Amino acid sequence: MQSIVRYFVHRSLTIVKKEAHMPELIKKTMESARSNDDPSRESGKSISSAFWAGVRDISPILLGVFPFSLIAGVAQIGAGLEPFPAVAMSIIVFAGAAQLATADLLGNNAPAVIICLTALIINLRFVMYSASLSPHFGGINRFWKWISAYLLTDQGYAVSIIRYSQQHHLPGQKLWFYLGCAIPLWVLWLIGTVIGVIVGLKIPESWSLDFAVPLTFMAIMLPNLRDWAAGVAALTSGFISVVAFNLPMNISIIVAAVSGILVGFYTESVLRRKAHD
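Below, the structure is looked at part by part. In this text the structure is predicted, and so the values were computed from the model without any measurement. (Residues numbered from 1 in each chain as written. Predicted model: local features only at pLDDT ≥ 70, side-chain atom pairs only at ≥ 80, totals over all residues. Heavy atoms only, no water.)

**Focus: the packing of helix α8 (residues 154–166) against helix α9 (residues 171–199)**
Piece 1. Contact geometry of α8 with α9 gives a least axis separation of 9 Å together with a crossing angle of 155°. The angle between α8 and α9 falls in the class roughly antiparallel. Regarding α8 and α9, the two cross each other, and that crossing is right-handed. Here Gln155, Gly156, Val159, Ser160, Arg163 and Tyr164 of α8 come into contact with α9, specifically with Lys174, Leu175, Phe177, Tyr178, Cys181 and Leu185.
Piece 2. Of the residues in the contact of α8 with α9, the class split is seven nonpolar, three polar and two charged. (Axes fitted to C-alpha atoms, helices over the stretch in contact; angles between N-to-C directions. Helix = DSSP H or I, 4+ residues; strand = E, 2+ residues; numbered from the N terminus. Parallel < 35°, antiparallel > 145°, perpendicular 65-115°, else oblique. Left-handed = near helix turned anticlockwise from the far one by under 90°. Contact = heavy atoms within 4.5 Å. Nonpolar A, V, L, I, M, F, W, Y, C, P; charged D, E, K, R; others polar.)

**Digging into the pattern of salt bridges**
Piece 1. Following the criterion strictly, the structure yields four salt bridges and no others.
Piece 2. A salt bridge links Asp154 to Arg125; the shortest N-O distance between them is 2.8 Å. Here Asp154 is found in helix α8, whereas its partner Arg125 is found in helix α6 (residues 125–133), with 29 residues between them in sequence. Side by side, Asp154 and Arg125 carry an identical accessibility label, which is buried. (Salt bridge = Lys/Arg side-chain N within 4 Å of Asp/Glu carboxyl O. Buried < 20%, exposed > 50% of the residue type's maximum accessible area, 1.4 Å probe, protein only.)

**Structural notes on a nonpolar patch on the surface**
Piece 1. Side chains of Met128, Val258, Ile261, Leu262 and Phe265 sit close together on the surface and give an oily, nonpolar patch of about 440 Å² of accessible area.
Piece 2. Element by element, the count of residues in the nonpolar patch is highest for helix α12 (residues 252–276), at four residues.
Piece 3. By secondary structure assignment, the location of Met128 is in helix α6. (Patch = residues over 30% accessible without salt bridge, like charges linked within 9 Å, V, L, I, M, F, W, Y side chains within 5 Å. Areas by Shrake-Rupley, 256 points an atom, 1.4 Å probe, with all protein chains shown as cover.)

**What to know about the packing of α6 against α8**
Piece 1. Viewed as axis vectors pointing N to C, α6 and α8 meet at an angle of 25°, and their least axial separation amounts to 11 Å. If you check the angle between α6 and α8, you find them roughly parallel. Considering how the two elements wind past one another, α6 and α8 form a crossing that is left-handed. Mapping the contact onto sequence places Arg125, Phe126, Tyr129, Ser132 and Leu133 in α6 and Asp154, Tyr157, Ile161 and Tyr164 in α8.
Piece 2. Among the residues forming the contact of α6 with α8, the class breakdown is six nonpolar, one polar and two charged.

**Overview of helix α11 (residues 228–243)**
Piece 1. Given a rise of 1.5 Å per residue, 16 residues ought to cover 22 Å, and the 22 Å separating the end C-alpha atoms of α11 matches this to within 8%.
Piece 2. Residues Ala229, Ala233, Thr236 and Ser237 constitute the buried set of α11. Around the axis of α11, the buried residues are gathered within 100° of arc, so they sit on the same side. Of the residues in α11, the exposed ones pointing more than 90 degrees away from the buried face are Trp228, Leu235, Phe239 and Val242.
Piece 3. The elements touched by buried residues of α11 are α12. (Expected span 1.5 Å × (residues − 1). Arc of directions from axis to C-beta.)

**Focus on the packing of aromatic side chains**
Piece 1. All chains considered together, the criterion is met by 11 aromatic pairs.
Piece 2. When the centroid spacing of 6.2 Å and the interplanar angle of 65° are considered together, the rings of Phe51 and Trp176 count as edge-to-face. Of this pair, Phe51 sits in helix α2 (residues 44–78) while Trp176 is found in helix α9, placing the two residues 125 residues apart along the sequence.
Piece 3. Residue classification places Phe51 among the buried positions, given a relative accessible area of 17%.
Piece 4. Taking the relative accessible area as the measure of exposure, Trp176 reaches 23% and is therefore partly exposed.
Piece 5. Ring plane angle 35° and centroid distance 6.0 Å describe the contact between Phe94 and Tyr150, whose orientation is recorded as tilted. Of this pair, Phe94 sits in the loop between α3 (83–92) and α4 (96–107) while Tyr150 sits in helix α7 (residues 142–150), and the two are 56 residues apart along the sequence. (Phe/Tyr/Trp six-rings, centres within 6.5 Å; stacked < 30°, edge-to-face > 60°.)

Okay, structure coming up:
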C-alpha cells in the first residue's frame, strides 16, 4: 500500500514540475515558430547596422541628388505651378525625370492625358527595378513592400542591388539596408525641392546645376563596369539614348534600357560559350 502511495505522490510531483515549466516551453515554441514563419524578424542590432550601412553607402551619391532636387523645384515654379502643388508633386510623384518632363509639359499647356502618359512611360523602368528586388524581399509584409515601392529610385535601387550581390543578408536586413538608402534620399529630395520652389528662378544659369544630373548616374554606373558584358550594355544604352532622343514622351529612356539589357545578356552568353570551348 505504501509503495502505491509513493508512486502516486511521485507522479503528482512530476506533473507539477512539468506544468511549472509549461509557460517557458510555450514561449520558446512560439518564438521558434515566429522566427521560422517570418524570416524578416531579426535582432534590433542587425537591423540598425543594416540601416546605417545603407545610409553610409548612399551618402556620396546624395551630393549629386541635391542639385537635381533644386532643378526640379525651379522647373516646377518655372512651369507656372504654385508653391504648394510644386512641393506636393515631389511628395506624391517622387521621380526626378518624370517631374522635369511633366513640368515642361505643364508649361506648354499639354493635355492632362499626355502629361500622365508621359510620366507613366518614363517611370516604366521602375517595373524592372521592382521585379529585380522582389526575390530579395521574401517574407516581408505587405505594408513594408508598399513603403519600399513608394521610395524606389534609380540611386537607391542601384546601391541596394549591388550590395545584395556582394554580401548575404536575411530579408529583414536587406529591407533595412534599402530603407537606409531610400529614406535619406527622400528627405534630401524634399528639402532640395522646397529650396528650389522658394528660390524659384533666382538661381543663375551660370551655376549649371543640371550638370549634376548625369554625374549622379555616372557615379552609380562606372564602379560597376567590371566585365565586358556590363561595358557593352552601358555603351549600347548610351548610344541608343542619344539616337532615340527625339522619340515622343521620352520613350528613349525605356528603349535604351531594354536595348542595353538585351545586348548585355547576348554578350555575356557569347563570352560564356567561348570560355567553355
